[in-house]
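# Residue-level structure breakdown
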Amino acid sequence: MTTPTIVIHRDADVLVQAVAARLITRLVDAQATHGDASVVLTGGTAGIATLRAVAASPACSAVDWSALSIWWGDERFLPSGDPDRNETQARAALLDHVPVDPARVFAMPPASGDLTPEDAAAAYADVLAGQTEKRLHVGAPAFDVLLLGVGPDGHVASLFPEHPALHDDRPVVGVRGAPKPPPERVSLSLPVIRSADEVWLVVAGADKAPAVRLALGGSGPVQIPAAGAQGQRATRWLLDRAAAAELPPGLGRPASP
Ligand SMILES: O=C1O[C@H](COP(=O)(O)O)[C@@H](O)[C@H](O)[C@H]1O
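Residues numbered from 1 in each chain as written. Predicted model: local features only at pLDDT ≥ 70, side-chain atom pairs only at ≥ 80, totals over all residues. Heavy atoms only, no water.

The name given to the chain in an unreviewed UniProt entry is 6-phosphogluconolactonase, with the source organism recorded as Jiangella alba. Recorded in UniProt under Sequence similarities (unreviewed entry), the annotation for the chain is "Belongs to the glucosamine/galactosamine-6-phosphate isomerase family. 6-phosphogluconolactonase subfamily." Listed in UniProt under the heading Pathway (unreviewed entry), the comment for the chain reads: "Carbohydrate degradation; pentose phosphate pathway; D-ribulose 5-phosphate from D-glucose 6-phosphate (oxidative stage): step 2/3." (UniProt positions renumbered as here; feature names shortened; annotations may be inferred.)

Below, the structure is given as structure tokens:
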């Protein structure tokens, strides 16, 4: 696993602009290297704001959106089109504004009829397994970048502290009883998150500072799931000053004076 790099930006706005620029560059570089690219999206405040910033960037069209596979790290298990679904928010922020190939947009299944979160997780695992043709890691395609938000409790995707899903070794897990609404969710597991080439944790706000300190200060992933989110080639903690406020002095590189 990779040693985390930490970059600290002045505020949440600079953070999301910088992450958007970084993401565009990473996708362009991946497409230049192997013809296409893949990204795993996150929900949450900073994650969706980043997508909005990508859509608004003058460099947005540098990405070949038709050659990008788009996945989700987690989903709130709600009906299609529900405004609280991470997919709905990502579409409104970015995907409805760029020429993606609909066949390469892999949303997690919505709640519908008798479908359970476990059914949805199994269905998404099948989709992942069916897309491993080129650059296989662990039953999932080799994601170029996997974006994560971090909750004030240290959760990432829909993996919450001390939750049974953290002990589930399936690639995608159904989650019930999540402490943050809605209680039913679907999430990539930590092994699949760790299979990504690069994992970027994008975190803003003072309420996240204790979780950031614990995750980077040696806590284990059962207590602080964010501590277990690491990429194969890079793990980047991209923070604003408020989220970084409890880190020991000298840890992290200030990027925005
Ligand atoms: O519910 C969720 O929350 C986390 C963090 O969200 P934030 O608003 O506190 O930044 C997010 O990463 C996850 O994808 C989402 O489903």
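Read on, since the account is not over.
Moving on: the overall build of the chain. Helix and strand counts for the chain come out as six helices and 10 strands. Expected size for 257 residues packed as a compact globule is a radius of gyration near 18 Å; at 17 Å, the chain falls within 12% of this value. By principal-axis analysis of the C-alpha atoms, the chain measures approximately 50 × 40 × 35 Å. For the chain, with 257 residues in total, the buried portion stands at 54%. For the chain, the computed accessible surface area is about 10400 Å², with 55% contributed by carbon and sulfur atoms. For the chain, the distance from the average position of its 21 positive side-chain charges to the average position of its 28 negative side-chain charges is 6 Å. (Helix = DSSP H or I, 4+ residues; strand = E, 2+ residues; numbered from the N terminus. Rg over C-alpha atoms; globule rule 2.2 N^0.38 Å. Buried < 20%, exposed > 50% of the residue type's maximum accessible area, 1.4 Å probe, protein only. Areas by Shrake-Rupley, 256 points an atom, 1.4 Å probe, with all protein chains shown as cover. Lys, Arg positive; Asp, Glu negative; His and termini not counted. Charge placed at Lys NZ, Arg CZ, Asp CG, Glu CD.)

Moving on: the nonpolar core. The biggest cluster of nonpolar side chains holds 82 residues, and the ones touching the most others in it are Leu188, Ile193, Leu201 and Trp237. The greatest single-element share of this core, amounting to seven residues, is contributed by helix α1 (residues 12-34). (Core = buried A, V, L, I, M, F, W, Y, C linked by side-chain atoms within 4.5 Å.)

Our next topic: the site of the ligand. For the ligand, the set of nearby residues contains 13 residues, the closest of which are Thr45, Asp74, Arg76, Lys180 and Lys208. Note that an oxygen atom of the ligand is positioned 3.5 Å from one of the backbone N or O atoms of Gly149. Within the contact set of the ligand, an oxygen atom lies 3.1 Å away from a side-chain nitrogen or oxygen of Arg185. Relative to its free-state accessible area of 390 Å², the ligand is covered by the protein chains to the extent of 93%. Here the residues of the shell around the ligand sort into one nonpolar, seven polar and five charged. (Near = heavy atom within 4 Å. Polar contact = N/O pair within 3.5 Å; in protein donor to acceptor, adjacent residues only side chain to side chain. Nonpolar A, V, L, I, M, F, W, Y, C, P; charged D, E, K, R; others polar.)

Attention now goes to the environment of Ile6. Residue position: Ile6 is located in strand β1 (residues 4-9). When its relative accessible area of 10% is taken as the criterion, Ile6 is described as buried. When the C-alpha positions of Ile6 and Leu216 are compared, they lie 9.5 Å apart, and in sequence the two are 210 residues distant.

Let us look at the packing of aromatic side chains. Given two aromatic rings, their pairing is described by the distance between the two centres and the angle made by the two planes. Under the definition given, this model contains three aromatic pairs. Where Trp71 meets Phe106, the ring centres are 4.1 Å apart and the plane angle is 15°; that geometry is what we call stacked. Of this pair, Trp71 sits in strand β3 (residues 68-72) while Phe106 sits in the loop between α3 (86-93) and α4 (117-129), placing them 35 residues apart in sequence. Accessibility expressed as a relative area gives 9% for Phe106, which makes it buried. With a centroid separation of 6.1 Å and 65° between ring planes, the pair formed by Trp71 and Phe143 is classed as edge-to-face. Here Trp71, found in strand β3, pairs with Phe143, found in the loop between α4 and β5 (145-148); they are 72 residues apart in sequence, far enough to count as distant. Across the pair, exposure class does not vary: Trp71 and Phe143 are buried alike. (Phe/Tyr/Trp six-rings, centres within 6.5 Å; stacked < 30°, edge-to-face > 60°.)

Strand order across the open sheet formed by three strands is β4-β7-β6, with antiparallel pairing between neighbours. Each end of this open sheet is capped by a strand with a single partner; those strands are β4 (74-76) and β6 (172-175). Across this sheet, the average inter-strand angle for adjacent strands is 15°, counted without regard to direction. Bridging between β4 and strand β7 (residues 185-188) involves three bridges; their strand directions are antiparallel. Across the sheet, Asp74 pairs through a bridge with Ser187, a residue of β7. Set on the sheet, α4 makes contact with β6 and β7; between it and β6 the angle comes to about 165°. (Pairing = 2+ DSSP bridges. Axes fitted to C-alpha atoms, helices over the stretch in contact; angles between N-to-C directions. Contact = heavy atoms within 4.5 Å.)

This paragraph deals with α4. Taking 1.5 Å as the rise per residue, α4 with 13 residues should run 18 Å; its terminal C-alpha atoms sit 18 Å apart, in good agreement. Among all positions of α4, only Pro117, Ala120, Ala121, Tyr124, Ala125 and Leu128 are buried. Down the axis of α4, the buried side of the element spans an arc of 140°, and every buried residue falls inside it. (Expected span 1.5 Å × (residues − 1). Arc of directions from axis to C-beta.)

On to the environment of Ala123. Position of Ala123 among the secondary structure elements: in helix α4. C-alpha of Ala123 to C-alpha of Ser57: the two residues are 66 residues apart in sequence and 34 Å apart in space.

Our next topic: the pairing of β3. The two faces of the sheet receive side chains in turn, since in a regular strand these alternate between them. A large share of β3 lies buried, amounting to five of its five residues. Side-chain alternation along β3 places Leu68, Ile70 and Trp72 on one buried face and Ser69 and Trp71 on a second face that is also buried. Summarising the sheet, strand β2 (residues 37-41) and β3 pair through five bridges and their orientation is parallel. Across the sheet, Leu41 pairs through a bridge with Trp72, a residue of β3.

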